[in-house]
Amino acid sequence: MTDQPTDLRETVRQRYATAALKVTEGGTACCGSDCCGTDDRGPEPVEIDENFGSTLYAAADRDTLPAEALAASLGCGNPTAVAELLPGERVLDLGSGGGIDVLLSARRVGPTGKAYGLDMTEEMLALALANARKAGADNVEFLKGTIEAVPLPAATIDVVISNCVINLSVDKPAVFAEAFRVLRPGGRIGVTDVVADDTLTPAQRGERGDYVGCIAGALSFAEYRARLEAAGFTDVEVTPTHSVADGMHSAVVRAVKPTV
């Protein structure tokens, strides 16, 4: 009998390792669709559709980043804008991939702040480190680990961000518990993720896309709120921004860790 959660995690890891290698070798990465090739200017931004990838970032942000960071972008939004980062803050990006959100966070928090990226995929971590060097970012640190077991002390982070990654977790309550643990009192979570209409069953979500394509593993709006509140968060908001499939949405998720 197979261990389904372990199998799913390994499938996700392999998918994103392959994506990182494609970018490193000059190609493009995919999340649920086919991609275009490259030209003599190096890797192109991810070509999926308008619902995923680097096109969801402002041109001013894209222009400041290495092409490889843009090419590895597989998210469904821009969490660095969602989180409204401030100078001096310490930020953790869950599932940081090629580092696009870590690099943007590092710019926003400035030299007195710090941006951490956490990823379980060696190939993505190598790509992210290379992108940080190209960007000249010295207030960043990339960590190897899973988002269900964050290798950071409790109450050391001001803001937790994530971009279309929590839906890929095989243990979402653990993700929210870990985000709550590492946040300082008064800290906040600001993520973008794929969320399902409350009327869709898990089976119906699976009919609309696969797990590694960021669809089948999505929580519903009510489930997302309930799990954040169960972890201890307050002021929970889950707001859809655009459709990614029938009854499935990219959404902005915000919540706060109480001060007491």
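Starting afresh in each chain, residues are numbered from 1 along the sequence in its written order. Two thresholds apply to this predicted model, a pLDDT of at least 70 for residue-level local features and 80 or more for giving and counting side-chain atom pairs, whereas whole-chain, interface and lining totals are computed over all residues. Only hydrogens and water are removed before side-chain values are computed, so all heavy atoms of the structure are retained for them.

> How should I be thinking about the pattern of salt bridges in this particular structure?
When their charged atoms lie close together, side chains carrying opposite charge are able to pair. Just to be clear on terms, a salt bridge is a Lys or Arg side-chain nitrogen sitting within 4 Å of an Asp or Glu carboxyl oxygen. For the coordinates displayed, the defined rule picks out seven salt bridges. Here Glu-89 makes a salt bridge to Arg-188, at a shortest N to O gap of 2.9 Å. Remark: Arg-188 occurs in strand β5 (residues 183-196) and Glu-89 occurs in the loop between α4 (79-82) and β1 (90-94); sequence separation between them is 99 residues. Here Glu-89 and Arg-188 have matching classes, each one buried. Only DSSP runs of H or I with at least four residues qualify as helices, and only runs of E with at least two residues qualify as strands; both kinds are numbered from the N terminus onward. Burial here depends on accessible area, computed with a 1.4 Å probe over protein chains only, as a share of the maximum for the residue type. Under 20% is buried, over 50% is exposed, and the range in between is partly exposed.

> Would you take a moment to explain the confidence of the model for the protein for this structure?
It should be kept in mind that the predicted coordinates are not to be read in detail where pLDDT is low. The pLDDT score gives, residue by residue, the confidence of the prediction method on a 0 to 100 scale. Across the protein, the average pLDDT comes to 80, with 69% of residues at or above 70. Here, two residues are considered to be in contact whenever any of their heavy atoms come within 4.5 Å of each other. Here residues 27-41 is a poorly scored stretch, pLDDT under 50, and it has 38 contacts once near neighbours within four places are set aside; other chains count. Ignoring residues within four places in sequence, the model shows residues 43-49, a span with pLDDT below 50, making 30 contacts including any to other chains.

> In this structure, what is going on with the side chain of Asp-119? I would like to understand it.
As for its position among the elements, Asp-119 is in strand β2 (residues 114-119). Its relative accessible area of 8% is what places Asp-119 among the buried residues. Separated by 2.8 Å, the side chain of Asp-119 and the backbone nitrogen of Gly-97 make a polar contact. Excluding its chain neighbours within four sequence positions, the residues that come into contact with Asp-119 are Gly-95, Ser-96, Gly-97, Met-124, Leu-125, Leu-143, Lys-144 and Gly-145. We define a polar contact as two N or O atoms separated by no more than 3.5 Å, with the added condition that, inside protein, one atom must be a possible hydrogen donor and the other a possible acceptor, whereas residues neighbouring each other in sequence contribute only through side-chain atom pairs.

> So what exactly am I meant to see when it comes to the side chain of Glu-178 here?
Considering the arrangement of structural elements, one finds Glu-178 in helix α7 (residues 172-182). Exposure remark for Glu-178: the relative accessible area of 13% places this residue in the buried category. Residue contacts for Glu-178: discarding those within four places in its chain leaves Ile-147, Glu-148, Ala-149 and Val-150.

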